[in-house]
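Reading the structure
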Amino acid sequence: MSAAMDTESTYSGYSHYSGHSKKAHRQGRDRHKSPRSKDGSRSEKSVTIQTPPAEPLLGNDASRAEEGQDDNWGETTTAITGTSEHSISQEDIARISKDLEDSVGLDCKRYLGLTVAAVLGLLVFLTPIAFILLPQILWRDDLEPCGTVCEGLFISVAFKLLILLIGTWALFFRQPKADLPRVFVFRALLLVLIFLFVFSYWLFYGVRILDSKDTNYQGIVQYAVSLVDALLFIHYLAIVLLELRQLQPMFTLKVVRSTDGESRYYSLGHLSIQRAALVVLENYYRDFTVYNPALLTASKSRAAKHMAGLKVYNVDGPGNNASGQSRAMIAAAARRRDSSHNELYYEEADHERRVKKRRARLVVAVEEAFTHIKRLQAEEQQKAPGEMMDPREAAQAIFPSMARALQKYLRTTRQQQYHSMESILQHLSFCITNNMTPKAFLERYLNPGPTLQYDRDRWFSKQWTLVSEEAVTSGLQDGIVFVLKCLDFSLVVNVKKIPFIKLSEEFIDPKSHKFVLRLQSETSV
């Protein structure tokens, strides 16, 4: 009863724009009074967490009525009441607590790595300066005078350190895009190499210069310059390993979404499995259409309806084995399978007909609504100041004329959970501001867009799990398969190596293009 009250309030909140609030309210109430179907029986208890009534567009009662639900729907489902906005189960609480613990561990690991890198970088930049200043502080009177060459080396050290600082900032100090399960091997090797390199320079400086108090100040400055030169070469090596090595494509990755089979192909270079998974996820949000689980319920409800239509009667009494009943149901299902393709054909044809019909109504309604908007010029704004509206007010003024057609189309295509009324109004005001056509406004709703197009709270999956038989720090190889799992679906990635291509050259002499006209007696030439 509480779920019906929530759906009625959601539906009536949007029916204000269509002008038929009372009728829509009565229809929504009658729809929920109809008996639930017994076809979609579920073996596990489910918990439904609904959003507040102001968020979804035009209610979800139609989509719920199309999905099969069992007789115990009220007992196995938790919905919003008048005093509660969210309901969660014990499993959700345990999962949330586990996610919090994992996030704390990842944050600690990330900050530890950043701290180590920052301390090492500070040590690298202060070491050449310390090499130059320590003799001036400890035994200044014993040092030999610094000539013109020595003073020129000061300028060289200053500019090289500035170049090294800018290059290090551009290469290493970036905002992290993701938390990887393992360390980046090449970056860790570079940090170890820099540490050993600086440590060896300090060891040599302490033994040969500090202990003996060398008086050749020009040689000390030259020693600091050699350190800066070596650090610049290490920076070049880092650019090659971290950036240039992966540019040449070597592998082709086929990414398949497990629920609907949508696939894409990507070409990558020499990367580890975890970094290749990160590239796949970055491209997934851009290239794949948004995941819509409502489109998958039709096939499940159809299969459940076919199985629910089979009844087996035990004429020999209850003493017989239940395996006979199972065999009888399987045989009956096989006989009915021959005619199920006709039902699927007519069902899909009817769905396409309804989509085309409601799409045409939506296009006409939007075009008529846009005809009522006219952009005022500078001289016209002074003539009628009382009739002017900003883009938000104009969007609110023309939205009621298209709201009902848009509502029906989104329900038919099962996209209503991705578009709230506020997001539609924002998009409409954006189109009005930039003088866009009705076709540009409808593009978002007529064709399912990429995942990034929709609200971040509705599509963004914070936690992904990388499943691989190989170590995630190992490089890509031909035939490797790894899986990226989230809460609702998974991405299966198959790695294939780009084959070696051998090209041969064949020279054609331009003078060899000679032709002869062949004449026959019966031709008119």
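Because the structure is a prediction, the values reported are computed rather than measured. (Residues numbered from 1 in each chain as written. Predicted model: local features only at pLDDT ≥ 70, side-chain atom pairs only at ≥ 80, totals over all residues. Heavy atoms only, no water.)

In this section: the pairing of strand β4 (residues 481–485). Bridge count between strand β3 (residues 465–468) and β4: four bridges; the pairing is antiparallel. Its bridge partner lying in β4, Ser-468 is registered against Phe-482. In terms of strand pairing, β4 meets strand β5 (residues 490–497) through five bridges, oriented antiparallel. Within β5, the residue paired with Phe-482 across the bridge is Val-493. The antiparallel pairing of β4 with β5 creates a hairpin that spans four residues between the two strands. (Pairing = 2+ DSSP bridges. Helix = DSSP H or I, 4+ residues; strand = E, 2+ residues; numbered from the N terminus.)

Attention shifts here to the confidence of the model for the protein. For the protein, the mean per-residue pLDDT works out to 75, and 66% of the residues sit at or above 70. Averaged pLDDT values for the elements of the protein fall to 36 in helix α4 (residues 73–76) and rise to 95 in strand β1 (residues 251–257). Note that pLDDT drops below 50 for residues 1–94; the model gives that stretch 118 contacts with residues more than four away or on any other chain. (pLDDT = per-residue confidence, 0-100. Contact = heavy atoms within 4.5 Å.)

Turning to the sheet that holds strand β2 (residues 263–268), a few remarks are in order. Two strands in a sheet stick together by hydrogen bonds in their backbones, pointing the same way (parallel) or opposite ways (antiparallel). If you walk across this open sheet you meet the five strands as β2-β1-β5-β4-β3, and the pairing is antiparallel. Each end of this open sheet is capped by a strand with a single partner; those strands are β2 and β3. For this sheet, the mean angle separating the axes of adjacent strands, direction not counted, is 25 degrees. (Axes fitted to C-alpha atoms, helices over the stretch in contact; angles between N-to-C directions.)

Turning our attention to helix α15 (residues 438–446). Every buried residue of α15 is listed here: Pro-438, Phe-441, Leu-442, Tyr-445 and Leu-446. Around the axis of α15, the buried residues are gathered within 125 degrees of arc, so they sit on the same side. (Buried < 20%, exposed > 50% of the residue type's maximum accessible area, 1.4 Å probe, protein only. Arc of directions from axis to C-beta.)

The next subject is the packing of helix α13 (residues 391–412) against α15. The interhelical angle for the contact between α13 and α15, taken along N-to-C directions, is 30 degrees, at an axis separation of 11 Å. Accordingly, the angle class assigned to the pair α13 and α15 is roughly parallel. Here Met-402, Leu-406, Tyr-409 and Leu-410 of α13 come into contact with α15, specifically with Phe-441, Tyr-445 and Leu-446. Looking at side-chain class alone, the contact of α13 with α15 contains seven nonpolar, no polar and no charged residues. (Parallel < 35°, antiparallel > 145°, perpendicular 65-115°, else oblique. Nonpolar A, V, L, I, M, F, W, Y, C, P; charged D, E, K, R; others polar.)

With that settled, the discussion passes to helix α14 (residues 421–433). The end-to-end C-alpha separation of α14 is 18 Å, in line with the 18 Å expected for 13 residues at 1.5 Å each. Those residues of α14 that sit buried are Met-421, Ile-424, Leu-425, His-427, Leu-428, Ser-429, Cys-431 and Ile-432. Two residues or fewer after α14 comes Asn-435, characterised by a positive phi angle close to 55 degrees. (Expected span 1.5 Å × (residues − 1).)

In this section: the environment of Leu-193. For Leu-193, the position within the fold is in helix α7 (residues 185–210). Accessibility expressed as a relative area gives 36% for Leu-193, which makes it partly exposed. Put simply, Leu-193 and Ile-234 are 41 residues apart on the chain and 8.6 Å apart in space, counted from C-alpha to C-alpha.

Attention now moves to the state of the cysteines. Considering all chains together, one arrives at one disulfide under this definition. Between the sulfur atoms of Cys-146 and its disulfide partner Cys-150 the distance amounts to 2.0 Å. The chirality of the disulfide connecting Cys-146 with Cys-150 is left-handed, given an S-S dihedral of about -115 degrees. By relative accessible area, which is 26% here, Cys-146 ends up partly exposed. The class for Cys-150 is buried, based on a relative accessible area of 0%. (Disulfide = S-S within 2.5 Å.)

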